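Residues per chain are reported as follows:
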Amino acid sequence: MNNFGYKQAEDTREAISLIEHNETAKFVAGGTNLIDLWKYNIANPSQLIDINHLAELSEIKTLEHGGLRLGAGVKNADTAYHPVVEHQYPLLSKAILAGASAQIRNMASNGGNLLQRTRCYYFYDAEVPCNKRIPGSGCPAKDGYNRIHAILGTSEHCIAVFPSDMCVALAALDAVVNITGPTGNRSIAFADFHRLPDNRPDLDNNLKKDELITSIDLPEKGFAANYAYLKLRDRHSYAFALVSVATALELKGNTIEDVKIALGGVAHKPWRSTEAEEFLKGKAANAENFSIAADLILQGAKGFGYNEFKIKLAKKAIIRNGLMALNPESQLPGAQPSA
Ligand SMILES: Cc1cc2nc3c(=O)[nH]c(=O)nc-3n(C[C@H](O)[C@H](O)[C@H](O)COP(=O)(O)OP(=O)(O)OC[C@H]3O[C@@H](n4cnc5c(N)ncnc54)[C@H](O)[C@@H]3O)c2cc1C
């Protein structure tokens, strides 16, 4: 039994001041990841700072210059079913609803979703080495059972993947993460928020220990006409992605004017390839071009044994999802994918 303190923060200033002065304090939102980590002895906070009552984090509102602000404390379910999200950012709605279960989405917050930790089996097993848990201890996943692990952006220190669905859509939509901390406010482009493991796999992202995510901004352009999210997994519900793809297209006739493609389940962060997106611009939206783009996205992909299958699977998923984005209704339950 570990003793710990609990304090409900009244406002963001109090939340920051509480965390700033306690190295081992943790914010808690929905608790759906933090409490699991605690039970597995991976997290052991001395103080919980409950951020569920912070008014500044609790709203979804349209921005003056266009775009939408998603409060970090808003629940994943409330975000997915918000009328503006459903109408203007259906890709985000679709990705959130592909994650977890209805019960978990009702508890999980937007901020917590960005900060959920990997599902690597070795990370969750406190009895074995893991560079993400104990830097310098080793990575048994590289030569172990690595079916769920990364094929892109890995390092000799870590091959874990970041497991979020929501974040794959946020990456494709070029969201921005708003943060407050002891030295003031700052914003990070979504592409720069999560990290590759490199030689510091213990750091999942670029948020500092004493900073609080206040909101996530979506740009005005939501790609509502042509989008698709495809999640390939072992079970249809309650399973993390082996590979997922978010595709957002802007079309003129069948020509691609703008495109964003993000992959989940394949790397330590949602994966984007500028080269592939630039290649597709001005091209016909067809299987042949999506196939060339897939090869560009997967350049340098490397398997570690059990996860080799992901390279082929990701290629097929990128092509299939590109074609589904031409006809988003094809994603509805029961509809046949068009490839
Ligand atoms: C069985 C199961 C299945 C799941 N399946 C999926 C899935 O398929 N796809 C998917 O995407 N996710 C899935 N999840 C993960 C789920 O989406 C996350 O657990 C959830 O989003 C975390 O949000 P939370 O509010 O509960 O975070 P918490 O557990 O409260 O917090 C997580 C971390 O974030 C920190 N934190 C929270 N909010 C803030 C903030 N505003 N600022 C700074 N730090 C903050 C906390 O200190 C903690 O370190 C699953 C979870 C479970 C338990």
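Residues numbered from 1 in each chain as written. Predicted model: local features only at pLDDT ≥ 70, side-chain atom pairs only at ≥ 80, totals over all residues. Heavy atoms only, no water.

(A) Geometry of the overall build of the protein chain. In terms of helices and strands, the protein chain carries 13 helices and 12 strands. Over its C-alpha trace the protein chain gives a radius of gyration of 20 Å, about what one expects of a compact globule, namely 20 Å for 339 residues. Judged by the C-alpha coordinates and their principal axes, the protein chain covers about 60 × 50 × 35 Å. Considering the protein chain as a whole, with its 339 residues, one finds that 54% of them fall into the buried category. Contacts in the protein chain between residues far apart in sequence, at least 24 positions, make up 64% of those at least 6 positions apart. Of the roughly 15300 Å² of accessible surface on the protein chain, 50% is carried by carbon and sulfur atoms. Within the protein chain, one finds 36 positive and 37 negative side-chain charges whose respective centroids are separated by 5 Å. (Helix = DSSP H or I, 4+ residues; strand = E, 2+ residues; numbered from the N terminus. Rg over C-alpha atoms; globule rule 2.2 N^0.38 Å. Buried < 20%, exposed > 50% of the residue type's maximum accessible area, 1.4 Å probe, protein only. Contact = heavy atoms within 4.5 Å. Areas by Shrake-Rupley, 256 points an atom, 1.4 Å probe, with all protein chains shown as cover. Lys, Arg positive; Asp, Glu negative; His and termini not counted. Charge placed at Lys NZ, Arg CZ, Asp CG, Glu CD.)

(B) Main features of the domain arrangement of the protein chain. What the domain assignment lists for the protein chain is domain 1 (5-52) and domain 2 (226-327). Each of domain 1 and domain 2 was reduced to a C-alpha centroid, and the two centroids are 36 Å apart. (Domains from an automatic or database assignment.)

(C) Geometry of the site of the ligand. Around the ligand, the structure places 34 residues, and the nearest of them are F27, G31, T32, S109 and D165. The backbone of F27 places a nitrogen or oxygen atom 2.5 Å from an oxygen atom of the ligand. Contact between the ligand and K231: an oxygen atom at 2.8 Å from a side-chain N or O atom of the residue. For the ligand, the protein covers 93% of the area, taking 980 Å² as the surface of the free molecule. Where the shell around the ligand is concerned, the elements lending two or more residues are strand 2 (25-28), helix 2 (34-39), helix 7 (110-115) and strand 8 (212-218). With four residues, the single largest contributor to the shell around the ligand is helix 7. In the shell around the ligand, the residues fall into 16 nonpolar, 12 polar and six charged. (Near = heavy atom within 4 Å. Polar contact = N/O pair within 3.5 Å; in protein donor to acceptor, adjacent residues only side chain to side chain. Nonpolar A, V, L, I, M, F, W, Y, C, P; charged D, E, K, R; others polar.)

(D) Broad picture of the side chain of D258. Secondary-structure assignment places D258 in strand 11 (residues 255-264). On the accessibility criterion, D258 (11% relative accessible area) is buried. Separated by 2.7 Å, the side chains of D258 and K221 make a polar contact. Leaving out residues up to four positions away in the same chain, D258 has contacts with K221, F223, A248, L249, E250 and K281.

(E) Representation of the pairing of strand 8 within the structure. Extensive coverage of strand 8 is indicated by the burial of seven of its seven residues. Examined bridge by bridge, strand 5 (residues 68-71) and strand 8 share four bridges and lie antiparallel to one another. Bridge pairing in strand 8 places L68 opposite L218. When strand 6 (residues 176-181) meets strand 8, the two strands line up antiparallel, connected through five bridges. Bridge pairing links N178 to S215 in strand 8. (Pairing = 2+ DSSP bridges.)

(F) The arrangement of the side chain of S93 in detail. Here S93 is to be found in helix 5 (residues 90-97). With relative accessibility at 6%, the residue S93 sits in the buried group. Setting aside residues up to four positions removed in sequence, S93 forms contacts with A80, V85 and E86.

(G) View of the sheet that holds strand 4 (residues 60-62). Reading across the sheet, the five strands line up as 4-5-8-6-7 and stay open at both edges, with antiparallel pairing between neighbours. With one partner strand each, in any of the chains shown, strand 4 and strand 7 (184-189) form the two edges of the open sheet. In this sheet, adjacent strand axes meet at a mean angle of 20 degrees when their direction is disregarded. (Axes fitted to C-alpha atoms, helices over the stretch in contact; angles between N-to-C directions.)

(H) Spatial organisation of the nonpolar core. Counting 50 residues, the largest nonpolar core has L70, L91, L92, L114, L170 and L218 as the members making the most contacts within it. A per-element tally of this core places helix 9 (residues 166-172) first, with seven residues. Shared between two domains, this core takes at least three residues from each, and those domains are domain 1 (5-52) and domain 2 (226-327). Every residue in contact with L70, bar those within four places of it in the chain, is listed here: E59, I60, T79, V85, L92, N110, L170, S215, I216 and L218. With 32 residues, the next largest nonpolar core counts A228, I256, I261 and I319 among its residues. (Core = buried A, V, L, I, M, F, W, Y, C linked by side-chain atoms within 4.5 Å.)

(I) How the structure looks around the sheet that holds strand 9 (residues 226-232). Ordered in space as 9-10-11-12, the four strands form an open sheet in which the pairing is antiparallel. Of all strands in the sheet, those with a lone pairing partner are strand 9 and strand 12 (271-272), marking the two edges. With nine bridges connecting them, strand 10 (residues 243-252) and strand 11 associate as antiparallel partners. Of the residues in strand 11, the one forming a bridge with V245 is L263. Its contacts with the sheet put helix 5 on strand 9 and strand 10, and the angle it makes with strand 9 is roughly 15 degrees.

(J) Local environment of the environment of K312. By secondary structure assignment, the location of K312 is in helix 13 (residues 309-326). In this structure the C-alpha to C-alpha distance between K312 and K7, which are 305 residues apart in sequence, comes to 48 Å.

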